[in-house]
Amino acid sequence: REGGAGGGRGMRMPSRSPARDLGGEVSLFMPEVPRLCTEAELLDLFKKHYPSVHAVKLVTKEETSKTFAFIRFGDEKEAEGALREMNGQIWR
(Lines give C-alpha, C1' and ligand atoms only; values in the text may rest on other atoms or scores of the structure.)
Protein backbone atom coordinates (compact mmCIF):
# COMPACT_ATOMS: atom_id res chain seq x y z
CA ARG A 1 0.00 0.00 0.00
CA GLU A 2 1.02 3.53 -0.56
CA GLY A 3 0.68 6.15 2.11
CA GLY A 4 1.97 4.03 5.02
CA ALA A 5 0.49 1.24 7.08
CA GLY A 6 -3.26 1.21 6.96
CA GLY A 7 -3.30 4.23 4.68
CA GLY A 8 -3.93 4.69 1.03
CA ARG A 9 -3.78 7.25 -1.68
CA GLY A 10 -6.63 9.30 -2.96
CA MET A 11 -7.85 9.01 -6.51
CA ARG A 12 -8.22 12.20 -8.51
CA MET A 13 -11.02 12.66 -10.99
CA PRO A 14 -11.02 15.29 -13.74
CA SER A 15 -13.21 18.37 -13.60
CA ARG A 16 -14.61 17.84 -17.09
CA SER A 17 -17.60 15.79 -18.17
CA PRO A 18 -17.38 12.16 -19.30
CA ALA A 19 -16.96 11.57 -23.05
CA ARG A 20 -19.62 9.62 -25.00
CA ASP A 21 -18.46 7.45 -27.88
CA LEU A 22 -20.32 6.51 -31.07
CA GLY A 23 -21.63 3.28 -29.49
CA GLY A 24 -23.40 5.22 -26.76
CA GLU A 25 -21.00 4.23 -24.00
CA VAL A 26 -19.27 6.74 -21.77
CA SER A 27 -15.57 6.93 -20.88
CA LEU A 28 -14.31 8.65 -17.78
CA PHE A 29 -10.65 9.61 -17.55
CA MET A 30 -8.92 9.43 -14.15
CA PRO A 31 -5.66 11.39 -14.34
CA GLU A 32 -4.28 10.03 -11.06
CA VAL A 33 -4.52 6.46 -9.77
CA PRO A 34 -2.41 4.95 -6.97
CA ARG A 35 0.53 3.10 -8.50
CA LEU A 36 -0.23 -0.25 -6.83
CA CYS A 37 -3.90 -0.33 -7.82
CA THR A 38 -4.83 -3.07 -10.32
CA GLU A 39 -7.48 -3.01 -13.03
CA ALA A 40 -9.46 -5.71 -11.22
CA GLU A 41 -9.45 -3.77 -7.94
CA LEU A 42 -10.50 -0.55 -9.63
CA LEU A 43 -13.24 -2.35 -11.56
CA ASP A 44 -14.56 -3.92 -8.34
CA LEU A 45 -14.50 -0.57 -6.53
CA PHE A 46 -16.48 1.20 -9.26
CA LYS A 47 -18.92 -1.67 -9.88
CA LYS A 48 -19.94 -1.61 -6.19
CA HIS A 49 -21.37 1.88 -6.69
CA TYR A 50 -22.02 2.02 -10.44
CA PRO A 51 -23.40 -1.21 -11.94
CA SER A 52 -23.06 -0.01 -15.55
CA VAL A 53 -19.23 -0.01 -15.30
CA HIS A 54 -17.93 -2.83 -17.45
CA ALA A 55 -14.28 -2.05 -18.20
CA VAL A 56 -11.23 -0.36 -16.72
CA LYS A 57 -7.94 0.28 -18.48
CA LEU A 58 -4.90 1.36 -16.48
CA VAL A 59 -1.95 3.03 -18.19
CA THR A 60 1.39 3.76 -16.51
CA LYS A 61 3.88 6.19 -17.98
CA GLU A 62 7.17 4.45 -17.29
CA GLU A 63 9.24 7.62 -17.43
CA THR A 64 7.21 9.24 -14.62
CA SER A 65 5.62 6.17 -12.96
CA LYS A 66 2.34 8.09 -13.11
CA THR A 67 -0.73 5.88 -13.55
CA PHE A 68 -4.03 6.96 -15.05
CA ALA A 69 -7.20 5.10 -15.98
CA PHE A 70 -10.10 5.01 -18.39
CA ILE A 71 -13.38 3.69 -16.96
CA ARG A 72 -16.19 2.59 -19.29
CA PHE A 73 -19.81 3.14 -18.24
CA GLY A 74 -22.99 2.07 -19.97
CA ASP A 75 -24.94 4.85 -18.25
CA GLU A 76 -24.01 8.53 -18.56
CA LYS A 77 -25.71 9.50 -15.27
CA GLU A 78 -23.59 6.96 -13.39
CA ALA A 79 -20.44 8.35 -15.00
CA GLU A 80 -21.43 11.87 -13.95
CA GLY A 81 -22.11 10.62 -10.42
CA ALA A 82 -18.72 8.91 -10.28
CA LEU A 83 -17.08 12.13 -11.42
CA ARG A 84 -18.56 13.94 -8.40
CA GLU A 85 -18.52 11.20 -5.78
CA MET A 86 -15.26 9.30 -6.33
CA ASN A 87 -12.92 12.29 -6.47
CA GLY A 88 -10.44 12.02 -3.62
CA GLN A 89 -11.72 8.63 -2.42
CA ILE A 90 -9.10 6.52 -0.68
CA TRP A 91 -8.10 3.35 -2.44
CA ARG A 92 -7.78 0.38 -0.06
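Notes on the structure follow. In this text, all values refer to a predicted model and were calculated from it rather than measured experimentally. (Residues numbered from 1 in each chain as written. Predicted model: local features only at pLDDT ≥ 70, side-chain atom pairs only at ≥ 80, totals over all residues. Heavy atoms only, no water.)

A short note on the packing of aromatic side chains
Alright, step 1. Taken as a whole, this structure holds six aromatic pairs when the rule is applied.
Alright, step 2. Among the aromatic residues, those joined into a ring-pair cluster are Phe 29, Phe 68 and Phe 70. (Phe/Tyr/Trp six-rings, centres within 6.5 Å; stacked < 30°, edge-to-face > 60°.)

As for the nonpolar core
A general feature of soluble globular proteins is that nonpolar side chains tend to end up buried together.
Alright, step 1. Counting 18 residues, the largest nonpolar core has Leu 42, Phe 46 and Phe 73 as its most contacted members.
Alright, step 2. Of all the secondary structure elements, the ones that give two or more residues to this core are strand 2 (26-33), helix 1 (39-49), strand 3 (53-61), strand 4 (66-73) and helix 2 (76-85).
Alright, step 3. The dominant element in this core, judged by the number of residues it contributes, is strand 2, at four residues. (Core = buried A, V, L, I, M, F, W, Y, C linked by side-chain atoms within 4.5 Å. Buried < 20%, exposed > 50% of the residue type's maximum accessible area, 1.4 Å probe, protein only. Helix = DSSP H or I, 4+ residues; strand = E, 2+ residues; numbered from the N terminus.)

Section: the pattern of salt bridges
Alright, step 1. Under the definition given, this model contains one salt bridge.
Alright, step 2. Between Glu 25 and Arg 72 there is a salt bridge; the shortest N-O distance is 2.6 Å. Highlighted residues: Glu 25 in the loop between strand 1 (19-20) and strand 2 and Arg 72 in strand 4, separated in sequence by 47 residues.
Alright, step 3. For Glu 25, a relative accessible area of 26% puts it in the partly exposed group. (Salt bridge = Lys/Arg side-chain N within 4 Å of Asp/Glu carboxyl O.)

Re the pairing of strand 4
Working note: regular strand, side chains alternate between the two faces of the sheet.
Alright, step 1. Across six bridges, strand 2 lies against strand 4 in antiparallel orientation. Looking at strand 4, one finds that Phe 29 is bridged to Phe 70.
Alright, step 2. Pairing of strand 3 with strand 4, which is carried by eight bridges, proceeds in the antiparallel orientation. Note that in strand 4 the partner of Val 56 across the bridge is Ile 71.
Alright, step 3. Here strand 3 hands over to strand 4 after four residues, with Ser 65 in that stretch at a positive phi of 60 degrees. (Pairing = 2+ DSSP bridges.)

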